[in-house]
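In case you want the letters, here they are:
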Amino acid sequence: MQFSDLPLDHRLGKALEIKGFTEATEIQAQAIPYALMGKDLIASSKTGSGKTLAFLLPAVQRVLTKQPLSRKDPRVLILAPTRELAKQVFFQLKWLIAKHQLKAALILGGENFNDQVKALRHYPQFVVGTAGRIADHLAGKSLYLNGLEMLIMDEADRMLDLGFTEQLKQINAAADHRKRQSMMFSATLDNAALHYLTQSMLKAPHRISIGISSAEHKDIQQRFFLADNVTHKERLLAHMINEKDHRQVIVFTATRADTERLSSLLKEQGLYSIALSGDLSQGQRNNIMSEFGRGQQHILVTTDIASRGLDLLNVSLVVNFDLPKLADEYVHRVGRTGRAGNKGEAVSFVGPKDWASYLSIKSFLQQEVSFNEIEGLEAKFKGLRPPKKAKAPVKKAPGKAANNSKAGSGANNQGPDRVKPMQGTEVGDRPMKRKPRQVIQDDDNEE
Ligand code: ADP
Ligand code: MG
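None of these values were measured; they are calculated from a predicted model.

What counts as what
- Residues numbered from 1 in each chain as written.
- Chains lettered and ligands numbered in written order.
- Predicted model: local features only at pLDDT ≥ 70, side-chain atom pairs only at ≥ 80, totals over all residues.
- Heavy atoms only, no water.
- Helix = DSSP H or I, 4+ residues; strand = E, 2+ residues; numbered from the N terminus.
- Contact = heavy atoms within 4.5 Å.
- Pairing = 2+ DSSP bridges.
- Axes fitted to C-alpha atoms, helices over the stretch in contact; angles between N-to-C directions.
- Buried < 20%, exposed > 50% of the residue type's maximum accessible area, 1.4 Å probe, protein only.
- Polar contact = N/O pair within 3.5 Å; in protein donor to acceptor, adjacent residues only side chain to side chain.
- Parallel < 35°, antiparallel > 145°, perpendicular 65-115°, else oblique.
- Left-handed = near helix turned anticlockwise from the far one by under 90°.
- Nonpolar A, V, L, I, M, F, W, Y, C, P; charged D, E, K, R; others polar.
- Phe/Tyr/Trp six-rings, centres within 6.5 Å; stacked < 30°, edge-to-face > 60°.
- Lys NZ or Arg CZ within 6 Å of the ring centre and 35° of its normal.

## Digging into the overall build of the chain
Okay, so step 1: When you go through the chain residue by residue, the secondary structure sums to 18 helices and 14 strands.
Okay, so step 2: Expressed as a percentage of contacts within the chain between residues at least 6 apart in sequence, the contacts between residues at least 24 apart total 75%.

So this is what it looks like as structure tokens:
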């Protein structure tokens, strides 16, 4: 698609022309129209695919063409995980606004605070920076975000990796999110922590995902098993692990408490198992991952904390003890196996409380999904009927509808209160605000 086919202001078209950019990249072609409509956006595409202009063009267009909410507060705030990235974005922005009476400030950690205070007193319409220093200016009352119209988070998941969750929350709280538009861009979307952030910071975001192929999953055999309750799941788990000689296994649970409990249970069965959860310190987590990575442990029981980024070539089985709430998390979890041409297996247990997740995963996968059974471990639970007013008929709801309330009320079942922490606790509530930043500081963090 040509830039001229997009509803861009002629001034921006001109700037692109001068630069010799005529053809929009795919992410630009898809994201820009939504961004210009004022919709919240969560967009993902490979590195080097032009995400920066995909958010800068709509941001500049907004400032050029719309009345400001405030003449003092910045209208657009762009956050990036590292100084280098923030700088790069800032210079692209400078180039776009060069011919206009617009101001931009670059606010980075490690630089003189007072100089930044001075820069902010000139009321720039754009602020580009790193989350920690921006939060410092909010605390120091040298920056207010009441008039913010657009919040952009570049490589949002990376910011979470670096431990900026608290700062992002502070920034979110300082900028009225009923008035503002929010956009997240990242190379990866399937990050449990990012989903949490998305839910608290974005309003019904439109999702765009380009070039994230699920082709690798052709190497993964995926099976689903119905389960009555937690005890039943535990028996299924033991069966799966012993079914064949698996090199290494990852078991995903919905809650942190279950990681410890299940891991102990497996140890009692004579297996080398270890639990990883956000309750642990970063040091402990590093140790666990290195033990598992070296093959000293056979089974890793974890939450979605480990669903992203881990490249563990010996994992031949992934078990979803509980289904993740979001379907793309499922894809990412099972993506821990079947890597680099290896074959892998994924099994998922579907109890009454997993049913809604199961339905969304099923439609997300866009392939026929059927249930397997193991002799002697068959479930009484056969699936739930849709709520009365639901329009879409559920394919299979055999048996009695009474299954629903009966199976769902057992003390061992995962109620909503058990599923909920999965979204928030791994990042939001753990007492480790500065640690991960220190750990990664040497490499690429600026704070
Ligand atoms: P990403 O953020 O997706 O990693 P960038 O926004 O950094 O990618 O863009 C990568 C490079 O592509 C930059 O040098 C940018 O100037 C260039 N670029 C962006 N959009 C276009 C386009 N439509 N046509 C040609 N080059 C582009
Ligand atoms: Mg980028």
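## Quick word on the sheet that holds strand β14 (residues 371–372)
Okay, so step 1: Taken together, seven strands build an open sheet; the order of strands is β10-β11-β9-β12-β13-β8-β14 and the sheet is parallel. In this open sheet, the two strands that pair with only one neighbour each are β10 (273–276) and β14.
Okay, so step 2: The sheet contact formed by strand β12 (residues 315–320) and strand β13 (residues 344–350) spans four bridges and is parallel. Note that in β13 the partner of Leu-317 across the bridge is Glu-345.
Okay, so step 3: Of the strands in this sheet, β9 (248–252), β10 and β11 (299–302) are in contact with helix α11 (residues 256–268), which crosses β10 at around 175°.

## Considerations on the side chain of Glu-149
Okay, so step 1: Positionally, Glu-149 belongs in the loop between α6 (131–139) and β5 (150–154).
Okay, so step 2: Residue Glu-149 is classed as buried on the basis of its relative accessible area of 1%.
Okay, so step 3: At a separation of 2.7 Å, a polar atom in the side chain of Glu-149 contacts the side chain of Arg-75.
Okay, so step 4: In this structure, Glu-149 is in contact with Arg-62, Gln-67, Pro-68, Leu-69, Arg-75, Lys-179, Arg-180 and Gln-181, ignoring residues within four places of it in sequence.

## Focus on the packing of helix α3 (residues 51–65) against helix α4 (residues 83–97)
Okay, so step 1: Interhelical geometry of α3 versus α4 gives an angle of 40° and a closest axis separation of 10 Å. Judged by the angle between their axes, α3 and α4 are oblique. α3 and α4 meet at a crossing whose hand is right-handed. Across from Thr-52, Leu-53, Phe-55, Leu-56, Leu-57 and Val-60 in α3, the residues of α4 making contact are Val-89, Gln-92, Leu-93, Trp-95, Leu-96 and Ile-97.
Okay, so step 2: The residue inventory of the contact of α3 with α4, partitioned by class, reads 10 nonpolar, two polar and no charged.

## Here we look at the packing of aromatic side chains
Okay, so step 1: Scanning the entire structure with this criterion turns up 10 aromatic pairs.
Okay, so step 2: Note on Trp-355 and Phe-371: the rings are 6.1 Å apart at their centroids and 25° apart in plane angle, and the pair reads as stacked. With a gap of 16 residues between them, Trp-355 in helix α14 (residues 355–365) and Phe-371 in strand β14 connect regions that are remote in the sequence.
Okay, so step 3: Of the residues examined, Trp-355 reaches a relative accessible area of 6% and is grouped as buried.
Okay, so step 4: Each member of the aromatic cluster is reached from another via a ring pair, and the members are Phe-224, Tyr-330, Trp-355, Tyr-358, Phe-371 and Phe-381.
Okay, so step 5: If you follow Lys-19 out to its NZ or CZ, it ends over the ring of Trp-95, 4.5 Å from the centre.

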